[in-house]
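Each chain is listed here by its residues.
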Amino acid sequence: MTKDLMRYLLPLTAGVALIAQASTTAASDLADRQGKPRKILLDTDPGGDDAFALFWLQSLAKQGRAEIVAVTTVGGNVQSQHTFANASKILALGGFEHIEVGRAVPRRGQAEDAAYIHGADGMGNLSQTLPASKHQLGEARFADQIIIEKLSAAPGEITLVAIGPLSNLAAAEEKCPGILAKAREVVIMGGVFRQPGNVTSHAEFNVHYDPEAAQKVFAGRDDIVVLPLDVTQRVTLTTERVESIAQASPRKRIARFLAALFQFMSKTSMGYRETEGVRGFHVHDAATLAYLFYPETLLLRRAAVRVETQGEWTRGQTVFDDRHGTKTDANAWVAMQVDTVNLLAILAEDLKVLIEAK
Ligand code: BDR
Ligand code: CA
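Residues numbered from 1 in each chain as written. Chains lettered and ligands numbered in written order. Predicted model: local features only at pLDDT ≥ 70, side-chain atom pairs only at ≥ 80, totals over all residues.

Some details on the nonpolar core
Side chains of a nonpolar character, in soluble globular proteins, are inclined to be buried together.
1) Next: Membership of the largest hydrophobic core comes to 102 residues, with the highest contact counts inside it found for L57 and A335.
2) Next: With 9 residues, helix α3 (residues 48-62) is the single largest residue contributor to this core.
3) Next: Other than its neighbours up to four places away in sequence, L57 contacts I40, L42, A66, I68 and L289. (Core = buried A, V, L, I, M, F, W, Y, C linked by C-beta atoms within 7 Å. Buried ≥ 20, exposed ≤ 12 C-beta atoms within 10 Å, placed from the backbone. Helix = DSSP H or I, 4+ residues; strand = E, 2+ residues; numbered from the N terminus. Contact = placed C-beta atoms within 7 Å.)

In structure tokens, the structure reads:
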């Protein structure tokens, strides 16, 4: 784990260790900076904040910093036929319609979606304003097959970014044990540790939707990178910020779509008191890309993350051992602090690049 050696330890009074991701010095990231785009396979359930993340990723790809290997979709914010169509349409709007889109692996059991926040179509009821989907659900390959194929073909090269429930990743690991260890990194938005959850008092949406899948993914390697609500609820996109993005090229289709999606998301988020009265919404999923491409915006700590699958009141809760003492069973790096101002400023600048390029 050469990258771990590049992380700085910052001892804290609480006796835990926070680490700053020092990717400027990591050999692998030097390679990225020397012109090699980072290969990303994104698993997503679009979703308003997923859409902002996917547009950001397309901007990074346009700038030559990322290569989108594939986008796989999962049911979560809305049902999986919608998340598939949404991913396809967002890629078409960004100019990346040639990227393969995978369909969700069917999963057992029911879970409640988040259409009350993201709209019945997952896109703030705006999906009709997007370009037509360029991918056919019936012809698409299943997500687990794509994950297995891509990671097996390029071990250690592809970063797996998961911003929805972890059902597809778990299915891939179940079908092909050890496959997650073949990713360069696995970076997930999910979980919550030191504050209330957003679906129950204890649980965050992505983990609560499929806790058994999350448990399987956390067992899949010892260096899962986690962006929990503890940081993502501090990444609140505001009206001023969105106006600054859209005003750069107000007539461009992406600018108009992002502004309208923002309006919808901020209204529902405020309705559910997610933003402490601030007019805006949390772009949770974008934090994964901040970690990968602008790691100076986040501080992470080493932890042994466990997922509660049995509890009557705590199902889907993520916990780590916060007591003093040596930890021998750590499996994750968990983001605990975020430089919100910089992260949002960078996101805005990168979105403008994509908007202007189209
Ligand atoms: C996560 O849940 C979803 O509603 C969002 O898209 C994000 O991935 C936040 O808890
Ligand atoms: Ca999501």
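Some remarks on the site of ligand 1
1) Next: Taken together, 14 residues sit near ligand 1, with G47, D49, A114, F205 and H284 positioned nearest.
2) Next: At the level of secondary structure, the elements contributing two or more residues to the shell around ligand 1 comprise α3 and α8 (205-209).
3) Next: Here the residues of the shell around ligand 1 are counted per class, giving 4 nonpolar, 6 polar and 4 charged. (Near = placed C-beta within 6 Å. Nonpolar A, V, L, I, M, F, W, Y, C, P; charged D, E, K, R; others polar.)

Structural notes on unusual backbone geometry
1) Next: Across the junction of P46 and G47, the peptide omega takes the value -20°, indicating a cis bond.
2) Next: Its place among the elements puts G47 in the loop between β3 (38-44) and α3.
3) Next: One non-glycine residue, N125, adopts positive backbone phi at about 60°.
4) Next: One can find N125 in the loop between α5 (115-118) and α6 (143-153).
5) Next: Of the residues examined, N125 has 15 C-beta atoms within 10 Å and is grouped as partly exposed.
6) Next: Its identity is not glycine, yet E276 carries a phi of approximately 50°, on the positive side.
7) Next: Within the secondary structure, E276 sits in the loop between α12 (253-271) and β10 (280-282).

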